[in-house]
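Residues per chain are reported as follows:
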Amino acid sequence: MKVIHLISGGDTGGAKTHVHSLLQGLNRHIQADMVCFTDGPFTQEARELGIRVDVIATRNPLAALKPLREKIAREGYDIIHCHGARGNLMGALLKRSTGLPVVTSVHSDPRLDYMGRPLSALTFGTLNAWALRRIPYRIGVSDAMADLLVSRGFDPQQTFSIYNGIDFTPRVPKLSRREFLDSLGLTWPDDAVIAGIAARLNPVKDMGTLLRGFAAAHREQPQLRLIIAGDGQDEAALKQLAAELGVAGEVCFAGWLSDTDSFYNALDINTLTSLSETFPYALTEGARFALPTVATQVGGIPYLITDNVTGLLFPARDHEALGRHLAALAAGPELRRRLGAQLLEKGRTEFSIESTIRRQLDIYEAILRRQARRDRKRDGVVLCGAYGQNNAGDEAVLTAVLAELRSIDPDMPLWVMTRKPRQTRLAYRAGAVYTFNFPAFCFHMAKAKLYINGGGSLIQDVTSHRSLWFYLFTLAAAKRLGCKVMMYGCGIGPLQSPRNRKQAGKTIDRNVDVITLRDQASQEELASIGVRRPRIVLAADPAVTLPADPPQAAEALLEQAGLRPREGQRYLGVTVRPWPGFEEKLPAFAAAIDYAYERYGLLPVFISIESKLDHAAAGQVVSRLQKAPAAILPACKRSELSIALFSRMDIALSMRLHALIFAAARGVPLVGVVYDPKVSAFLDSVDQDLYIPLDQLAAPSLCALLDSAAQRRQDRAALEEKTARLVELERGNSTLAAELLAD
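Positions within a chain are numbered from 1, following the residues in the order the chain's sequence is written. Predicted model: local features are reported for residues with pLDDT of at least 70 only, side-chain atom pairs are reported and counted for 80 or more only, and whole-chain, interface and lining totals are derived from all residues. Only hydrogens and water are removed before side-chain values are computed, so all heavy atoms of the structure are retained for them.

## A few points about the side chain of R429
Strands are runs of DSSP state E lasting at least 2 residues, helices are runs of H or I lasting at least 4, and numbering of each runs from the N terminus. Along the polypeptide, R429 turns up in the loop between α17 (421–428) and β16 (431–434). In this description, contact between two residues means that some pair of their heavy atoms is separated by no more than 4.5 Å. Not counting the four nearest positions on each side in its chain, R429 is found in contact with D143, A146, D147, V150, P156, Q157, T159, S161, R406 and T424.

Written as structure tokens, this is what we have:
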């Protein structure tokens, strides 16, 4: 593979480091050459690293087109890779004439690149915006930057993410801490706690917030000091601000430093106060020295810094929160050690330069594969279900189905019919259309190979007749428009209306090719409504295949709610929902939860599956508790985090099916309150008999079920084994989807 990189050649900071380290690493695997449009330190450093560099020195972009086209034709490149406004402009102009795939790396928010320079924003910024829209593939330097691009209308299926990786091999700095301080003329005492930042002194880095937060922390912890490594347009104003705050003697403006190893080695705390970031090297370089880090909660920073796990986060411009964090770190050597060690481990595991190079090679290979399939007449899958309605169960199903489809073909176009297209594009990096935008989904069905309806209980008329009719319409429309049709991991029924039963049976039998079901009762319901022609297979709910986030993520969520998970607290995970008859049973729920707290020390944690409905129902129960303090957690945005949270519970008490699925997958003892046959069907499938119908619920019976669950806490492995059997069964869903796509 041969790739040509286009970049202006005047870049500094993180973009320079990223491009240099990327090309140096790529050249161990492929041929990666660079063309710059100006000569200088950037190109000289690249040559010293062994990177092949050509310079086409011209201020007129049109004059560079001909020699670039000739070079591309002569060398036989496979991909054009652009960086920055000048590179993007050239890539956009070369796309049609060369016929090559063009990709750009977006290192920072294009709308903030020229902050404080209105003329440059009007000229270079406008040209860059034009070019970005004409380049078919984009790489955000962090997931947050990729999400930003998707939120601005770029195709999520042509947008990738990568991280600034570094070499985590331990380094010996040139200067000791004392020698480094002496080199700056600092006579600070040896017991000083030194915070530092390495960044340009410009508005985006918001050093004013850093100085204000530092000044507040210094009043509380006078041993605190600050070193600012960097230069830029705001230097004079920042020095004046430090004097006004009364901390000029405790702040060192060190200027631009080439010896960053000695700088980080001299620090006790690393900081970053940016208003916008992709994935800054300043954090990974600090991580290499196991520095506890305080940073703004913006851009790609939270992907490295988990609050109170691998560092401390605060809202941008909130100098008071920053001051509190700095004071806590200055006063707590054990806190500094713990956060620094955990940050080093995460950085070494997930953000090494080797992983960055491998990720970039994977992106190149994906781009070439996707280019090769552009002329297919039919390609991809359209999915329809109860998506985009803030229901964690349905979103878990979507997460699992998309993962399974991508395991079949990682480059397959995927389109989701959803109530919230923008949210779905961001969350799943898939195409999305509004559920009731009939022209749009018909357009995609006419081009797709497979239509998937599911999972969940879509074919039922208990909650709505209209939703049933809608889903039946989509099955018929998909078949008429030439798709293979599959109902994926579904539950069927209840279907109460005779008319609905007849229409559902006829529509499904005529239009569906394959049906996979999550329980035996659904298979019996299909037979009772006369469905015979489709291939019907008993599988399982796709959500059983989902992994959990690391335990630290759940611990952090509990800590944020003030639940002290590190002190060995035991929890009862509770999920309730509004349903006819629920309010009559509130005293029974409350009495049983109080009992579990008094008898077993189980602190009730209410976990929502459908955020608004479940949160309100939880509040009704909590208002009736007499003894147990309770916490109501906000709904998790990601299914994997919900699963991690349930795995931290000692017992799960739930009305919601997917809360039970999440808990069962982690071996948590289950107590179900059955409002719908699908709940008892799942519990039966994993041999769990601790459930009671909602209309029969009473405090003594629920307390007895909790007693039985408490006895089963030591046998989590048995439940995990039973759930693992469902995972094996669930693979039938993706196996049959693959067969339909291969036809």
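## Points about the nonpolar core
Take the buried residues of types Ala, Val, Leu, Ile, Met, Phe, Trp, Tyr and Cys, join any two whose side-chain atoms come within 4.5 Å, and each joined set is a nonpolar core. We call a residue buried when its accessible area falls under 20% of the maximum for its residue type, exposed when it is over 50%, and partly exposed in between, using a 1.4 Å probe and counting protein chains only. L572, V576, F589, L670 and F682 are the most contacted members of the largest nonpolar core, which has 76 residues in total. A per-element tally of this core places helix α23 (residues 586–600) first, with eight residues. Not counting chain neighbours up to four residues away, the residues in contact with V576 comprise F582, F589, D614, A617, A618, V621 and M655. A195, F214, A242 and L344 belong to the second-largest nonpolar core, a separate cluster that totals 48 residues.

## A closer look at the packing of aromatic side chains
Whether two aromatic rings pair depends on their centres lying within 6.5 Å, for rings of Phe, Tyr and Trp, where Trp uses its six-membered ring; planes under 30 degrees apart make the pair stacked, over 60 edge-to-face, and the rest tilted. Applying the stated criterion across every chain, the model contains 16 aromatic pairs. Aromatic pair F263 and Y264: ring centres 4.9 Å apart, planes at 65°, arrangement edge-to-face. F263 sits in the buried class, given a relative accessible area of 1%. Centre to centre, the rings of F436 and F470 are 5.0 Å apart; their planes meet at 70°, and the pair counts as edge-to-face. Taken together, the residues span a long stretch of sequence, with F436 in the loop between β16 and α18 (438–447) and F470 in helix α19 (residues 465–480) at a distance of 34 residues. Among the residues examined, F436 registers a relative accessible area of 33% and is labelled partly exposed. For F470, a relative accessible area of 10% translates into the label buried. Either the NZ atom of lysine or the CZ atom of arginine qualifies as a charge over a ring when it sits within 6 Å of the ring centre and within 35 degrees of the ring normal. The lysine or arginine in question, R133, covers the ring of F154, its NZ or CZ lying 3.9 Å from the ring centre.

## Notes on the packing of helix α16 (residues 392–408) against helix α29 (residues 716–742)
For helices, the fitted axis covers only the stretch in contact; all axes are lines through C-alpha atoms, and the angles between them, taken along N-to-C directions, range from 0 to 180 degrees. Axis separation between α16 and α29 bottoms out at 10 Å; the angle between their running directions is 50°. On the basis of the axis angle, α16 is oblique to α29. The two elements α16 and α29 meet at a crossing, and its hand is right-handed. In this structure, α16 contributes E404, L405 and I408 to the contact, and α29 contributes E730, N733, S734, A737, A738 and L741. Following the grouping adopted for this structure description, the nonpolar residues are Ala, Val, Leu, Ile, Met, Phe, Trp, Tyr, Cys and Pro, the charged ones are Asp, Glu, Lys and Arg, and the polar ones are all others, Gly among them. Per-class residue counts for the contact of α16 with α29 are five nonpolar, two polar and two charged. Note on angle classes: values under 35 degrees are labelled roughly parallel, values over 145 roughly antiparallel, values of 65 to 115 roughly perpendicular, and the remainder oblique. Handedness of each helix crossing follows the sense of rotation of the near helix against the far helix: counterclockwise by less than a right angle gives left-handed, clockwise gives right-handed.

## Brief notes about the environment of R406
Among the secondary structure elements, R406 is positioned in helix α16. Every residue in contact with R406, bar those within four places of it in the chain, is listed here: L414, Y428, R429 and A430.

## Notes on the sheet that holds strand β12 (residues 293–296)
Between any two strands, pairing holds if DSSP finds at least two bridges. The parallel open sheet is built from six strands, whose spatial order is β10-β9-β8-β11-β12-β13. The open sheet has two edge strands, β10 (251–255) and β13 (312–314), and neither has a second partner. Neighbouring strand axes in the sheet, compared pairwise and without regard to direction, differ in orientation by 20° on average. In the sheet, strand β11 (residues 269–272) pairs with β12 via three bridges, with the strands oriented parallel. By the bridge assignment, N270 is partnered in β12 with T293.

## Comments concerning helix α8 (residues 207–220)
Expected helix span is taken as 1.5 Å per residue step, with the number of steps being one fewer than the number of residues. Its 14 residues place the ends of α8 20 Å apart at the C-alpha level, agreeing with the 20 Å of an ideal helix rising 1.5 Å per residue. Of all the 14 residues making up α8, 10 are buried; the element is thus mostly covered by neighbouring parts of the structure.

Function cannot be inferred from these measures alone, as they are strictly geometric.
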